[in-house]
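The primary structure of each chain is shown beneath.
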Amino acid sequence: MDKSAYDFELEKIKKLIKERGARRVGLQLPDGLKTVATDIAAEISKETGAEVIISGNSCYGACDIDEKLERIVDVLFHFGHTENSFRESVYKPLFRKESVAKETSKSIYEIPKKVFFIELRSGVDIKPAVEKAVAEIKGDTVGLVATVQHVHTLKEAEIVLASFGKKAVIGKSRLKYDGQVLGCDFSSAMVPCDEILFIGSGSFHPAGLALYTGKRVIATDPFTTQISIYEAEELRKKRYLVIERALDTKSCGIIIGMKSGQFNLDEAVALRRKAIEKGLNAYLIAMDEIKEEKLLGFKVDAFVNTACPRVAEDFVHFEKPVLSINEFEVVLGERSWEDIF
Ligand code: SF4
């Protein structure tokens, strides 16, 4: 990844280190940005005199603070995500329809003061990408969303769309910015519209948007101007097939995500009780990351994921079905198929 494509806010970081007199500094970057981690560490170290430690662990989201590293540094800079409400919002089972109403009560976690979030705003011109996407928009009104890297460009995108006679709706979000989406929070896309236009990179967010909004999603990548289309029904059919494979389940492992922002113990325990009431053998399994090789040894018919929902697509190819909470409730006969998403 090109370092110049994003604003790493290095001046702000160095100033903050000096002001706080931090002697040991942690850096946590998403995997795609690890290629520039050593450059950043070298610059910070040279100009502040601080000892810099780079997290070598995976970093999928703002929910995913490297807490072990956090313990041994004076200040930790977490790149690529926004700080507000993520631990609260991720902790709650967002994809459950009954929880979609605003829940702004006290956060389960206090965001530690020594963790600072650097959002990595992109400086790329989004106009060509939006203009190219217009040809794929079938309806008159689109819900306009972006990852935090491009969320500041949504107003400009709205103007571009208007020049082609397309109305854009930028939805209110539970996240820091209106129009912002996370893999576990598409609240800003829940707006009256014909389709969704997503500005950002990768397939994870647009696939999730299509799956959970039930709308056709046009994804446009500002860096490459590549357009991708995601059809909700196709994606939902894949999930239905996974649920069908789990309908005869006699035993299940209910996975508790041990990353603090993904930790959902109450829900996992409640699900296990429900499963036992329905005559299943159910076990709680705690893990940091859900990988197929880690699941292979368990003698159960299926798994239920109460952690990050972002990997649902990856699970499709697992030998044993891995279900979301809502999907598992269908298996238990407690939820209808129409009420999953
Ligand atoms: S999608 Fe997953 S990794 Fe991203 S913030 Fe939500 S829980 Fe964390």
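The structure we're discussing is the one just above.
Here goes a summary of the coordinates provided. Residues take numbers from 1 onward in each chain, read along the sequence in its written order. For a predicted model such as this one, the threshold for reporting local features is a pLDDT of at least 70, and the threshold for listing and counting side-chain atom pairs is 80 or more; totals across whole chains, interfaces and linings nevertheless cover every residue. With hydrogens and water stripped out, all remaining heavy atoms of the structure feed into the side-chain values.

1. Considerations on the pairing of strand E9 (residues 227-230)
- Pairing geometry for strand E8 (residues 217-220) and E9, over four bridges, is antiparallel. From the neighbouring strand, Ala219 faces E9, where its bridge partner is Ser228.
- Adjacent in sequence and paired antiparallel, E8 and E9 are bridged by six residues, among which Thr225 carries a positive phi angle near 55°. For two strands to pair, DSSP has to find at least two bridges joining them. The numbering of helices and of strands both runs from the N terminus, where a helix is a DSSP run of H or I of at least 4 residues and a strand a run of E of at least 2.

2. Quick notes on the sheet that holds strand E3 (residues 75-79)
- An order of E2-E1-E3-E4 is seen for the four strands of this open sheet, with the pairing classed as parallel. Across the chains shown, the open sheet's two edge strands, defined by having one partner strand only, are strand E2 (51-54) and strand E4 (115-118). In this sheet, adjacent strand axes meet at a mean angle of 25° when their direction is disregarded.
- For strand E1 (residues 24-28) and E2, the ladder comprises four bridges, and the chain directions are parallel. Residue pairing for E2: Val25 is matched across the bridge by Val52.
- In what follows, a contact means two residues having at least one pair of non-hydrogen atoms within 4.5 Å. Under this scheme, a helix contributes an axis fitted over its contacting stretch, all axes are lines through C-alpha atoms, and angles between N-to-C directions fall in the 0 to 180 degree range. Across the sheet, helix H1 (residues 10-20) is in contact with E1, E3 and E4; its angle to E3 comes to roughly 165°.
- Against the sheet, helix H2 (residues 37-48) touches E1 and E2, its axis set at about 165° to E2.

3. A look at unusual backbone geometry
- The phi dihedral of Leu120 is positive, around 60°, even though this residue is not glycine.
- Checked against the element boundaries, Leu120 lands in the loop between E4 and helix H5 (127-134).
- Think of it in three bands: with a 1.4 Å probe and only protein chains considered, a residue is buried below 20% of the maximum accessible area for its type, exposed above 50%, and partly exposed in between. For Leu120, a relative accessible area of 1% translates into the label buried.
- You will see that Thr225, though not glycine, has its phi angle at about 55°, which is positive.
- Considering the arrangement of structural elements, one finds Thr225 in the loop between E8 and E9.
- Exposure remark for Thr225: the relative accessible area of 22% places this residue in the partly exposed category.

4. Observations concerning the side chain of Thr147
- Along the chain, Thr147 falls in the loop between strand E5 (141-146) and helix H6 (154-163).
- Each residue touching Thr147, except ones within four places of it in the same chain, is listed here: Val181, Phe198, Ile199, Gly200 and His205.

5. Some details on H1
- Every buried residue of H1 is accounted for by Leu10, Ile13, Lys14, Leu16 and Ile17. Along the axis of H1, the buried positions cluster into a sector of 160°, meaning they face one direction only. H1 presents Glu11, Lys15, Lys18 and Glu19 as exposed residues on the side facing more than 90 degrees away from its buried surface.
- Where the residues of H1 are buried, they touch E1, H2, E3 and E4. The arc in question is traced by the directions running from the helix axis to the C-beta atoms.

6. Examining the pattern of salt bridges
- Every case where a carboxyl oxygen of Asp or Glu lies within 4 Å of a side-chain nitrogen of Lys or Arg is listed as a salt bridge. Under the defined criterion, the tally for this structure stands at 24 salt bridges.
- Between Lys176 and Glu119 there is a salt bridge; the shortest N-O distance is 3.0 Å. Here the residue Lys176 occupies a position in the loop between strand E6 (167-169) and strand E7 (195-199), and Glu119 occupies one in the loop between E4 and H5, the gap between them amounting to 57 residues.
- The shortest N-O distance in the salt bridge between Asp339 and Arg335 comes to 3.2 Å.
- Within the structure, one salt-bridge network assembled from shared partners comprises Lys274, Lys278, Glu329, Glu334, Arg335 and Asp339.

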